[in-house]
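Examination of the molecular architecture
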Amino acid sequence: DLESFVEKFPNSSLMVEAREQLSQAYTNMANSHVVIGDHYYSRNVFPAAAERYISAFNAKGILENEELTLKKLCLALARSGLYFGEMYRYSSKSERQAITDFYKTKHESTLYEAKKYLADYKAKFPQNSGAISAIEAEVNLIPAIEGEGQDQGAN
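Residues numbered from 1 in each chain as written. Predicted model: local features only at pLDDT ≥ 70, side-chain atom pairs only at ≥ 80, totals over all residues. Heavy atoms only, no water.

1. Structural notes on the nonpolar core
Within the largest apolar cluster, 29 residues are counted, with the highest numbers of intra-cluster contacts made by Tyr41, Leu73, Leu77, Tyr117, Tyr121 and Ile135. If you look at the next biggest cluster of nonpolar residues, it comprises five residues, including Met15, Ala18, Leu22 and Tyr26. (Core = buried A, V, L, I, M, F, W, Y, C linked by side-chain atoms within 4.5 Å. Buried < 20%, exposed > 50% of the residue type's maximum accessible area, 1.4 Å probe, protein only.)

Below you can see the structure in the form of structure tokens.
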């Protein structure tokens with residue numbers, strides 16, 4: 001409703017108050033995504049945690065602890081990539097091709113996103129080189145998924 005009001009009545013005398021309330025609503029929404037993301041993260045449900053952290057950053061609000069959230073997002077994405085990679089390897093039988101394609105695609109996209117958000121983390125918080133190095137090491141340890149023929153030889 002506030003977005004609609006701001007759009008429809010840009011010259012209203014209530015515009016300052018409406019923009020403040022809209023900003024607070026965005027902030028509340030962003031931080032609620034972080035709380036839910038932390039819940040999933042603490043239970044090692046990394047794909048769901050990553051989704052919530054990404055939603056927090058997309059919510060246009062001000063995050064209470066942006067650096068910590070960005071760090072957890074990078075780790076959740078990296079660990080999601082590892083999860084999807086293992087699921088791909090586990091379900092690598094030819095009769096399950098649709099499943100293996102899904103997990104391979106998810107593995108590649110979460111690793112790509114982890115590297116993208118890690119670059120953002122480096123740019124925003126260069127002083128925290130220890131945490132950045134630890135995340136880089138974790139991301140770099142996750143193996144790429146090779147071709148189907150190599151997986152089948154291992155099974």
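2. Quick notes on the pattern of salt bridges
Overall, the coordinates contain five salt bridges when judged by the stated rule. Here glutamate 86 and arginine 89 are joined by a salt bridge, their closest N and O atoms 4.0 Å apart. Taken as a pair, glutamate 86 and arginine 89 lie in helix H4 (residues 66-90) at a separation of three residues, close to a single helical turn. Taking relative accessible area as the criterion, glutamate 86 reaches 43% and is therefore assigned partly exposed. The partly exposed category is assigned to arginine 89, whose relative accessible area is 25%. Taking the shortest distance from any N to any O, the salt bridge between glutamate 136 and lysine 122 comes out at 2.4 Å. Taken together, the residues span a long stretch of sequence, with glutamate 136 in helix H6 (residues 129-141) and lysine 122 in helix H5 (residues 97-124) at a distance of 14 residues. Look at glutamate 136 and you get partly exposed, because its relative accessible area is 25%. Its relative accessible area of 37% is what places lysine 122 among the partly exposed residues. (Salt bridge = Lys/Arg side-chain N within 4 Å of Asp/Glu carboxyl O. Helix = DSSP H or I, 4+ residues; strand = E, 2+ residues; numbered from the N terminus.)

3. Some details on unusual backbone geometry
Despite not being glycine, asparagine 44 shows a phi value in the positive range, around 60°. Residue position: asparagine 44 is located in the loop between helix H2 (15-42) and helix H3 (46-58). Residue classification places asparagine 44 among the exposed positions, given a relative accessible area of 54%. In this structure, lysine 60 is a non-glycine residue whose phi angle is positive, near 70°.

4. Section: the packing of H4 against H6
Between H4 and H6, the shortest axis-to-axis distance is 9 Å and the interhelical angle comes to 10°. Compared by their axis directions, H4 and H6 come out roughly parallel. On H6, the residues that touch Lys71, Cys74, Leu75, Ala78 and Arg79 of H4 are Ala131, Ile135, Glu138 and Val139. (Axes fitted to C-alpha atoms, helices over the stretch in contact; angles between N-to-C directions. Parallel < 35°, antiparallel > 145°, perpendicular 65-115°, else oblique. Contact = heavy atoms within 4.5 Å.)

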